[in-house]
Amino acid sequence: MQLAAAAALLLVSPAQAATDVMWWHAMSGELGKQVEKLAADFNALQSDYRIVPVYKGNYTETVTAAIFAFRSRTQPAIVQVNEIATATMMAARGAIYPVFELMRDQSEAFTPSAYLPAVAGYYADVDGNLLSFPFNASTPILYYNKDMFRSAGLDPHVPPKTWADVGVAAKRLRAAGMMCGVTTSWPSWINIENYSAFHNLPIATKANGFGGLDAQLIFNNPIVVRHIARLADWQTTKIFDYSGRGQAAEPRFQKGECGIFIGSSGTRADIKANSKFEVGYGMMPYDPDIQGAPQNSIIGGATLWVLRERPAAEYAGVAKFFAYLSRPEVQAAWHQNTGYLPVTRAAFDLSRAQGFYDRNPGTSISIEQVTLKRPTDNSKGIRLGSFVLIRDVIEEELEQVFSGKRTAQAAMDNAVERGNRLLRQFERASPDR
């Protein structure tokens, strides 16, 4: 009788299937495994929602796929978008569901002030409301070959702090037989964008674009030009050696060709695993004659954007997932397992209390650097349309300088002029114009 009653009850009240929430992302390899773990751990905690992560290629491929999917109403609820496409996403007003609105509408606890200012400021509107969910963030730091520092008579325990220090150390490394003294990855991100932020210099008017679509690029100032001219001068004797775009420089450091490397903090695990020498870590160098330097560095990486026109049940699941991702223990584990920044102060404090930074020297430098000072209009990030294309323009011009075909001033003037044309095209095409 009891079994029959139970069976009848099941027929009357069938178990509700979990609501699937699609999450398109750009994380492959080990990072992809960590994304899968985040989803699996959340799914195991509750039975109402199932986060379904789907790898869609690199950042550009993922965003492009989401745009096409939206047109055919097959878009995911969540898509991972890199930081320099923030202005492009903001311009697609009808397609995005701002995170602060989502969390408010779903009555989920959400405290933007818990996020590191250098992270939250990049993805917030002028009123400080977060538009997307901070997920993976990195910043450039300095790596150096301690073994070669010893061979060159340099102190392996003291990283170069200023650009003058870098020049002295790089020259000694060259004299000791290294193929190059210093190189950098991501040329525009490090030598224009972060150099400017670290010296509290504007990339563009209107608070680097945060104040409006009519911003104008202005990074062709004497200080940036001097920095690029210095690198070009060092290039002639390989004190500095240009290695190409993206992460092309990183293997050169790992192979022991260059003694100093400035690159993403997010590549620390790769560098440590693939380098057959003792690696040292330091903050980005700065020029002490510039008032206010060092300020704070800016971030790279990506955030999670929510797309509109999905069923209401999915948005409830997205909000609960974001609340889960906000937990200090979840953020700390993501930070420790990937090398990305902890995006909340609580996750940083927890990692420190767990002894992570003591066990892994160098891992706290990125956090210390982005929180060095309170971000200014010049150092909270960049909110410029078509900035992916503008970066290409900047790097084309940098290559002209490093190959000796153009002066630093002429190249920066060209980059500003060409970049401003792209900004005006974006402004005309934007519904906010």
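This is a predicted model, so every value here is computed, not measured.

Thresholds, definitions, all that
- Residues numbered from 1 in each chain as written.
- Predicted model: local features only at pLDDT ≥ 70, side-chain atom pairs only at ≥ 80, totals over all residues.
- Heavy atoms only, no water.
- Helix = DSSP H or I, 4+ residues; strand = E, 2+ residues; numbered from the N terminus.
- Buried < 20%, exposed > 50% of the residue type's maximum accessible area, 1.4 Å probe, protein only.
- Areas by Shrake-Rupley, 256 points an atom, 1.4 Å probe, with all protein chains shown as cover.
- Lys, Arg positive; Asp, Glu negative; His and termini not counted.
- Charge placed at Lys NZ, Arg CZ, Asp CG, Glu CD.
- pLDDT = per-residue confidence, 0-100.
- Contact = heavy atoms within 4.5 Å.
- Salt bridge = Lys/Arg side-chain N within 4 Å of Asp/Glu carboxyl O.
- Phe/Tyr/Trp six-rings, centres within 6.5 Å; stacked < 30°, edge-to-face > 60°.
- Lys NZ or Arg CZ within 6 Å of the ring centre and 35° of its normal.
- Expected span 1.5 Å × (residues − 1).
- Axes fitted to C-alpha atoms, helices over the stretch in contact; angles between N-to-C directions.
- Parallel < 35°, antiparallel > 145°, perpendicular 65-115°, else oblique.
- Nonpolar A, V, L, I, M, F, W, Y, C, P; charged D, E, K, R; others polar.

Quick look at the overall build of the protein chain now. In terms of helices and strands, the protein chain carries 20 helices and nine strands. Taking the principal axes of its C-alpha atoms as reference, the protein chain extends roughly 90 × 50 × 35 Å. Across the 433 residues that make up the protein chain, the buried fraction comes to 56%. When the accessible area of the protein chain is evaluated, it comes to approximately 18,200 Å², of which 54% is carbon and sulfur surface. Here the protein chain contributes 43 positive and 41 negative side-chain charges, whose respective centroids are spaced 2 Å apart.

Glancing now at unusual backbone geometry. Across the junction of Ala293 and Pro294, the peptide omega takes the value -5°, indicating a cis bond. Looking at where Pro294 falls in the secondary structure, it is placed in the loop between strand E8 (279-282) and strand E9 (300-306). Not every positive phi belongs to a glycine, and Asn200 is a case in point at roughly 55°.

This part is about the confidence of the model for the protein chain. The pLDDT averaged across the protein chain works out to 92; a share of 96% of its residues lies at or above 70. Low pLDDT, under 50, characterises residues 5-10; the predicted model gives this stretch zero contacts beyond four residues in sequence or across chains.

Under the defined criterion, the tally for this structure stands at 27 salt bridges. Put simply, Lys238 and Asp241 hold a salt bridge, and the shortest N to O gap is 3.2 Å. Residue Lys238 is classed as partly exposed on the basis of its relative accessible area of 31%. When the shortest N-O distance is used, the salt bridge between Arg352 and Asp349 registers 2.9 Å. Taken as a pair, Arg352 and Asp349 lie in helix H16 (residues 345-353) at a separation of three residues, close to a single helical turn. Through salt bridges with shared partners, one network takes in Lys146, Asp147, Arg150 and Glu278.

Under the defined criterion, the tally for this structure stands at 25 aromatic pairs. With a centroid separation of 6.1 Å and 85° between ring planes, the pair formed by Tyr115 and Phe133 is classed as edge-to-face. Here Tyr115, found in the loop between helix H5 (99-105) and helix H6 (117-120), pairs with Phe133, found in strand E4 (residues 133-138); they are 18 residues apart in sequence, far enough to count as distant. Across the pair, exposure class does not vary: Tyr115 and Phe133 are buried alike. Aromatic ring contacts, followed pair by pair, group Trp23, Phe42, Phe110, Tyr115, Phe133, Phe135, Phe321, Phe322, Tyr324, Trp334 and Tyr340 into a single cluster. Positioned above the aromatic ring of Trp24, the side-chain terminus of Lys56 is 4.2 Å from the ring centre.

The subject of this paragraph is the environment of Ala415. Looking at the secondary structure, you find Ala415 in helix H20 (residues 408-429). Given the relative accessible area of 0%, Ala415 is considered buried. Between the C-alpha atoms of Ala415 and Ile260, which are 155 residues apart in sequence, the distance is 27 Å. Residues contacting Ala415, with those up to four places away along its chain left out, are Leu217, Phe219, Val393, Ile394 and Glu397.

Let us now look at H20. An ideal rise of 1.5 Å per residue puts 32 Å on 22 residues; H20 measures up with 32 Å between its terminal C-alpha atoms. Those residues of H20 that sit buried are Ala408, Ala411, Met412, Ala415, Val416, Gly419, Asn420, Leu422, Leu423, Arg424 and Phe426. Those residues of H20 that are buried are in contact with helix H4 (86-91), helix H9 (187-198), helix H11 (222-235) and helix H19 (387-402).

Mapped onto the elements, Glu257 comes out in the loop between helix H12 (250-254) and strand E7 (258-264). Taking C-alpha positions, Glu257 is 20 Å from Asp233, a pair spaced 24 residues apart along the chain. Beyond its immediate sequence surroundings of up to four residues, Glu257 is in contact with Met178, Met179, Cys180 and Arg252.

Our focus in this paragraph is the packing of H11 against H19. As a packed pair, H11 and H19 sit with axes 9 Å apart at the nearest point and diverge in direction by 45°. By the criterion of interaxial angle, the relationship of H11 to H19 is oblique. Counted together, Ile228, Leu231, Ala232 and Gln235 of H11 and Leu398, Val401 and Phe402 of H19 form the full contact between these two elements. Among the residues forming the contact of H11 with H19, the class breakdown is six nonpolar, one polar and no charged.

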